[in-house]
Amino acid sequence: MSLAETAEQKQLRDWLRRLLHDHAPTSATLAVMETDAAHDRQLWKLMASQLGLQAMLVPEQYGGAESGVADIAVVMEELGRVALPSPFLPSAVLATRLLVDGATDAAQARLLPGLASGESIACVVLPGDITATRHGDQWRLNGRSRPVICGDVADIVLVVASVPGGHALFEVRTGANGLSRQRLPSLDLTRTLADLHFAAVPANHISELGDVTAAAESALDIALIALGAEQVGGARHCLDRAVEYAAMRTQFGRPIGSFQAVKHACANMLALVEPARSAVLFAAHAADAADPELPALASVVKAHCPEVYLQAAAETIQLHGAIGFSWEHEAHLHLKRAKSGQLLFGDARHHRERMLSLALDRWS
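Cut-off values and rules
Residues numbered from 1 in each chain as written. Predicted model: local features only at pLDDT ≥ 70, side-chain atom pairs only at ≥ 80, totals over all residues. Heavy atoms only, no water. Helix = DSSP H or I, 4+ residues; strand = E, 2+ residues; numbered from the N terminus. Rg over C-alpha atoms; globule rule 2.2 N^0.38 Å. Buried < 20%, exposed > 50% of the residue type's maximum accessible area, 1.4 Å probe, protein only. Contact = heavy atoms within 4.5 Å. Patch = residues over 30% accessible without salt bridge, like charges linked within 9 Å, V, L, I, M, F, W, Y side chains within 5 Å. Areas by Shrake-Rupley, 256 points an atom, 1.4 Å probe, with all protein chains shown as cover. Salt bridge = Lys/Arg side-chain N within 4 Å of Asp/Glu carboxyl O. Polar contact = N/O pair within 3.5 Å; in protein donor to acceptor, adjacent residues only side chain to side chain. Pairing = 2+ DSSP bridges. Core = buried A, V, L, I, M, F, W, Y, C linked by side-chain atoms within 4.5 Å. Axes fitted to C-alpha atoms, helices over the stretch in contact; angles between N-to-C directions. Parallel < 35°, antiparallel > 145°, perpendicular 65-115°, else oblique. Left-handed = near helix turned anticlockwise from the far one by under 90°. Nonpolar A, V, L, I, M, F, W, Y, C, P; charged D, E, K, R; others polar.

Asker: Describe the overall build of the protein chain, and please don't skip the residues or the numbers.
Answerer: Looking only at helices and strands, the protein chain features 11 helices and 10 strands. Against the compact-globule benchmark of 21 Å for 364 residues, the protein chain has a radius of gyration of 21 Å, which places it among compact chains. Taken along its principal axes, the extent of the C-alpha atoms in the protein chain is 80 × 50 × 35 Å. Expressed as a percentage of the 364 residues in the protein chain, the buried residues total 52%.

Asker: Hey, could you go over the environment of Thr 29 for me, with residue numbers and the actual values?
Answerer: With respect to the helices, strands and loops of the structure, Thr 29 is situated in helix H2 (residues 26–33). Judged by relative accessible area, which is 3%, Thr 29 ranks as buried. When the C-alpha atoms of Thr 29 and Val 82 are compared, they prove to be 8.5 Å apart, with 53 residues separating the residues in sequence. Those residues in contact with Thr 29 that sit more than four places away from it in its chain are Ala 24, Val 82, Ala 83, Pro 85, Thr 190 and Leu 333.

Asker: How would you summarise a nonpolar patch on the surface if you had to cite specific residues and measurements?
Answerer: Among the surface-exposed residues, Leu 356, Leu 360 and Trp 363 lie close enough to one another that they form a single nonpolar patch of about 380 Å² accessible area. Considering the arrangement of structural elements, one finds Leu 356 in helix H11 (residues 348–363).

Asker: How would you explain the environment of Arg 354 if you had to name every residue and give the values?
Answerer: Along the chain, the position of Arg 354 falls in helix H11. Separated by 26 residues in sequence, Arg 354 and Glu 328 place their C-alpha atoms 39 Å apart. Discounting chain neighbours no more than four positions away, the residues touching Arg 354 are Asp 221, Leu 224, Pro 295 and Ser 299. Within the local environment of Arg 354, its side chain forms a polar contact with the backbone oxygen of Pro 295, the two atoms lying 3.3 Å apart. A distance of 3.0 Å separates polar atoms of two side chains, one belonging to Arg 354 and the other to Ser 299.

Asker: Please set out the pairing of strand S2 (residues 131–135) residue by residue, giving values where relevant.
Answerer: Regular strands have side chains that alternate between both faces of the sheet. Pairing geometry for S2 and strand S3 (residues 138–144), over 5 bridges, is antiparallel. Along S3, the bridge assignment pairs Arg 134 with Trp 139. Turn length for the S2-S3 hairpin, with the two strands adjacent in sequence and antiparallel, is 2 residues, and the turn residue Gly 136 shows positive phi of about 70°.

Asker: Requested: an account of the pattern of salt bridges, with residues and values cited.
Answerer: Following the criterion strictly, the structure yields 22 salt bridges and no others. Where Glu 78 meets Arg 13, a salt bridge forms, and the shortest distance between an N and an O atom there is 2.7 Å. Of the two residues, Glu 78 is situated in helix H4 (residues 69–81) and Arg 13 in helix H1 (residues 7–23); the sequence distance between them amounts to 65 residues. Per residue, the accessibility class of Glu 78 equals that of Arg 13, and both read buried. Bridged by salt links that share partners, the residues Glu 5, Arg 13, Arg 17, Glu 77, Glu 78 and Arg 277 form one connected network.

Asker: Which residues make up the side chain of His 39, and what values do they have?
Answerer: Here His 39 shows up in the loop between H2 and helix H3 (41–51). In this view, His 39 contacts Val 32, Trp 44, Pro 85, Ser 86, Pro 87 and Ile 121; residues no more than four positions away in its chain are not counted.

Asker: Tell me about unusual backbone geometry, and name the residues and values.
Answerer: Even without a glycine there, the phi angle at Ala 38 is positive, about 75°. Secondary-structure assignment places Ala 38 in the loop between H2 and H3. Ala 38 gets classed as buried once you look at its relative accessible area, which sits at 9%. Located in the positive-phi region is Phe 252, a residue other than glycine, with phi close to 60°.

Asker: Before we move on, could you go through helix H10 (residues 331–343) and cite the residues and values that matter?
Answerer: Ala 331, His 332, Leu 333, His 334, Arg 337, Ala 338, Gly 341 and Gln 342 are the residues of H10 that are buried. In this structure, the buried side of H10 is in contact with H2, H4, helix H7 (213–248), helix H9 (294–320) and H11. Phi turns positive one or two residues past the end of H10, at Phe 345, with a value near 60°.

Asker: So what about the nonpolar core? Which residues, and what values?
Answerer: Generally speaking, soluble globular proteins have nonpolar side chains that are buried together. Residues Phe 88, Leu 141, Leu 158, Val 172 and Phe 198 are the most contacted members of the largest nonpolar core, which totals 115 residues. Here the element with the most residues in this core is H7; it accounts for 16 residues. Setting aside chain neighbours within four positions, we find Leu 141 in contact with Ile 130, Thr 131, Ala 132, Val 159, Ala 161, Phe 170, Val 172, Phe 198, Ala 199, Ala 200, Val 201 and Ala 203.

Asker: Explain the packing of H9 against H11 residue by residue, including any values.
Answerer: Interhelical geometry of H9 versus H11 gives an angle of 155° and a closest axis separation of 9 Å. Taken together, the axes of H9 and H11 are roughly antiparallel relative to one another. The interaxial crossing formed by H9 with H11 has left-handed handedness. Together, Pro 295, Ala 296, Ser 299, Val 300, Lys 302, Ala 303 and Glu 307 of H9 and Ala 348, His 351, Arg 352, Arg 354, Met 355 and Leu 358 of H11 make up the contact between the two elements. Looking at the contact of H9 with H11, its residues break down into 7 nonpolar, 2 polar and 4 charged.

Asker: Tell me what's going on with the packing of H1 against H4, and back it up with residues and numbers.
Answerer: Axis angle and axis distance: for two packed helices, these are the angle between their axes and the distance between the axes, and together they describe the pair. H4 packs onto H1 with a crossing angle of 25° between their chain directions and a minimal axis gap of 10 Å. Accordingly, the angle class assigned to the pair H1 and H4 is roughly parallel. For the crossing formed where H1 meets H4, the hand is right-handed. The segment H1 lies against H4, with Gln 9, Leu 12, Arg 13, Leu 16, Arg 17 and Leu 20 engaging Ala 70, Asp 71, Val 74, Val 75, Glu 77, Glu 78, Leu 79 and Arg 81. Along the lines of polarity and charge, the residues of the contact of H1 with H4 split into 7 nonpolar, 1 polar and 6 charged.

Here's what the structure looks like:
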């Protein structure tokens, strides 16, 4: 398995980096955080119209590019570098993959083109406390979800709800009767979370007959890898900014980068970031190859990458001194995103236990 970037992936990275350089400076991110928009809608449209990013995981027959997870990792790395406020992870990765793996052909044909074009944004309520009951020809959902990424700005809510015999996939439009959404206060203002309450909400059943638990777990594994790529991108950017500042800032008549303690700090960051990136790339290529070890590899990424990102962000703030604590500097954006990312989709302890459980199942 080769982990080297292809020429197409390098070109995609260059194009996206230029787009983000022009439209997503730190000042723009701070401005978005002061509003209720949760993301820059104009940039979201540009990502779709100029690069087709939202269509990457969508099958070709529905207007997509049918790209691989390794390609998504490239995109998420670049988004992570700027800590972009964006619904890309929940909509273009998690929701899209869930529809591809678990929805009927008719539902895919109806929903995927809008997600691919960026006209629609979807969020996902993973298996938990939502139950579905059938009343004649109609299904109704009840319960309160766990915090949902971008649940306050999505147009479409995909719910994996409990039904007799397992779980089924449902579609809910955000204006449906009985559905209430409330944005939750959070440390990371670049990624909104919402509490969704379902009170006899009418829903469309969009999965085939049978349990969709496996499809939901598969989609979540892809999201874990994408999140890991984002965290690696953020950690690498923290390292780059720390090295840049260490070469520029002088103390006692010499750059602080010449001091041994600063050199060691930067070297330690590099030693953390590179293995984390390799773990993400290996898991992404395993996903594209339908490797049966994917669930374990996804949990390895989730258990390791948030810790690397958090350490890199914290070290960057220390190396920048007082300016690193200021609102105008981007370092605090990365620290908060790294901290929130530790808990997103399960913390490190949860995923280490999952790895152990998978290993025991294989050996038994």
